[in-house]
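Observations on the model geometry
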Amino acid sequence: MGSEKPERKSTIIIVRLPKKVKEDFVEVCEKNGISGSLLAQVFAQYVIDHEEVPFQIALRGYNITDFAQKNFYRPFAKEQQIPEELRDAKRKKRTDNQKTPEELEELAKQYKSKQVVDVTEVTFSVSLTWELREEFARAAENLLCSSNMLLRALMLYVATTGEIPSALLPLCNA
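Keep in mind the model is a prediction, meaning the values are calculated, not measured.

Counting residues in each nonpolar core, the largest one holds 37 residues, and the members touching the most others are F25, L39, F43, F136, L150, L151 and L168. Contributing elements (two or more residues each) for this core: β1 (10–18), α1 (19–31), α2 (36–50), β4 (121–129), α6 (130–142) and α7 (147–161). When near neighbours in sequence (up to four residues on either side) are disregarded, F136 contacts F43, A44, V47, I48, L128, S147, L150 and L151.

This is the structure we're talking about:
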């Protein structure tokens with residue numbers, strides 16, 4: 001009796017994101033009469049049921065969602081097997097992040113004058129049943145990412161577009 005472990009009924013996923021994104025996400029959810037946590041639960045169930053994300057995820061013009069669906073069963077063993085468009089996007093991202101000495105100096109001036117945008121990271125907690133969490137983790141893995149990454153993508157999508165993905169709206173009101 002004393003050695004029995006308690007049955008887990010729920011778990012929490014902690015998502016780290018910029019403070020402004022969290023504020024905008026919560027505002028859009030409240031405007032639509034739903035809590036952010038409930039939207040995340042609905043999103044998780046949608047991903048499990050449909051094996052897809054209800055919005056497009058893109059990397060500088062390259063649609064990652066389509067890429068994952070087309071290449072689901074073809075993991076890349078070698079760099080040469082990665083499609084040229086994705087390799088180009090990755091190379092471009094590397095060079096886009098490089099700064100000239102003048103740009104670095106300007107960033108330093110902005111920092112000193114406190115004209116930088118607040119990018120403080122905060123957390124958002126999502127409560128899921130243990131079973132839903134496990135199924136969501138498997139579904140996310142099938143989409144080549146983690147459940148945390150998918151939740152962060154949802155929050156970024158809602159915060160930046162100001163809307164809840166249309167595929168989720170009927171489920172939110174059910």
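What follows covers the packing of aromatic side chains. Aromatic ring pairs are reported here in terms of the distance separating the ring centres and the angle at which the planes meet. Summed over all chains, the structure comprises four aromatic pairs. Where F43 meets F136, the ring centres are 6.1 Å apart and the plane angle is 80°; that geometry is what we call edge-to-face. Separated by 93 residues along the polypeptide, F43 in helix α2 and F136 in helix α6 bring together distant segments of the chain. Judged by its relative accessible area of 0%, F43 is buried. The exposure class of F136 is buried, given its relative accessible area of 0%.

Take the pattern of salt bridges next. Counted under the stated rule, the structure contains three salt bridges. Where E121 meets R152, a salt bridge forms, and the shortest distance between an N and an O atom there is 3.7 Å. In this pair, E121 sits in strand β4 while R152 sits in helix α7, placing the two residues 31 residues apart along the sequence. Residue classification places R152 among the partly exposed residues on the basis of a relative accessible area of 28%. Within this structure, R16, E121 and R152 form a network of salt bridges that share partners.

Before going further, it helps to examine a negative patch on the surface. Taken together, D49, E131, E134 and E135 make up a surface patch of like negative charges. If you tally residues by element for the negative patch, the top one is α6, at three residues. Mapping E135 onto the fold places it in helix α6. Classification of E135 by relative accessible area gives partly exposed; the value is 35%.

Next up on the list: α2. Between the first and last C-alpha of α2 there are 21 Å, a value that for 15 residues agrees with the 21 Å anticipated at 1.5 Å per step. All of the buried residues in α2 are G36, S37, L39, A40, V42, F43, A44, Y46, V47 and I48. The inward-facing, buried residues of α2 contact α1, β4, α6, α7 and α8 (169–172). One or two positions beyond α2, positive phi appears at E51, with a value near 55°.

Once that is clear, we can look at unusual backbone geometry. Residues other than glycine seldom take positive phi values, yet E51 does so here, at roughly 55°. By relative accessible area, E51 is classed as exposed at 60%. Not every positive phi belongs to a glycine, and L144 is a case in point at roughly 70°. Within the secondary structure, L144 is located in the loop between α6 and α7.

About the criteria used
- Residues numbered from 1 in each chain as written.
- Predicted model: local features only at pLDDT ≥ 70, side-chain atom pairs only at ≥ 80, totals over all residues.
- Heavy atoms only, no water.
- Core = buried A, V, L, I, M, F, W, Y, C linked by side-chain atoms within 4.5 Å.
- Buried < 20%, exposed > 50% of the residue type's maximum accessible area, 1.4 Å probe, protein only.
- Helix = DSSP H or I, 4+ residues; strand = E, 2+ residues; numbered from the N terminus.
- Contact = heavy atoms within 4.5 Å.
- Phe/Tyr/Trp six-rings, centres within 6.5 Å; stacked < 30°, edge-to-face > 60°.
- Salt bridge = Lys/Arg side-chain N within 4 Å of Asp/Glu carboxyl O.
- Patch = residues over 30% accessible without salt bridge, like charges linked within 9 Å, V, L, I, M, F, W, Y side chains within 5 Å.
- Areas by Shrake-Rupley, 256 points an atom, 1.4 Å probe, with all protein chains shown as cover.
- Lys, Arg positive; Asp, Glu negative; His and termini not counted.
- Charge placed at Lys NZ, Arg CZ, Asp CG, Glu CD.
- Expected span 1.5 Å × (residues − 1).

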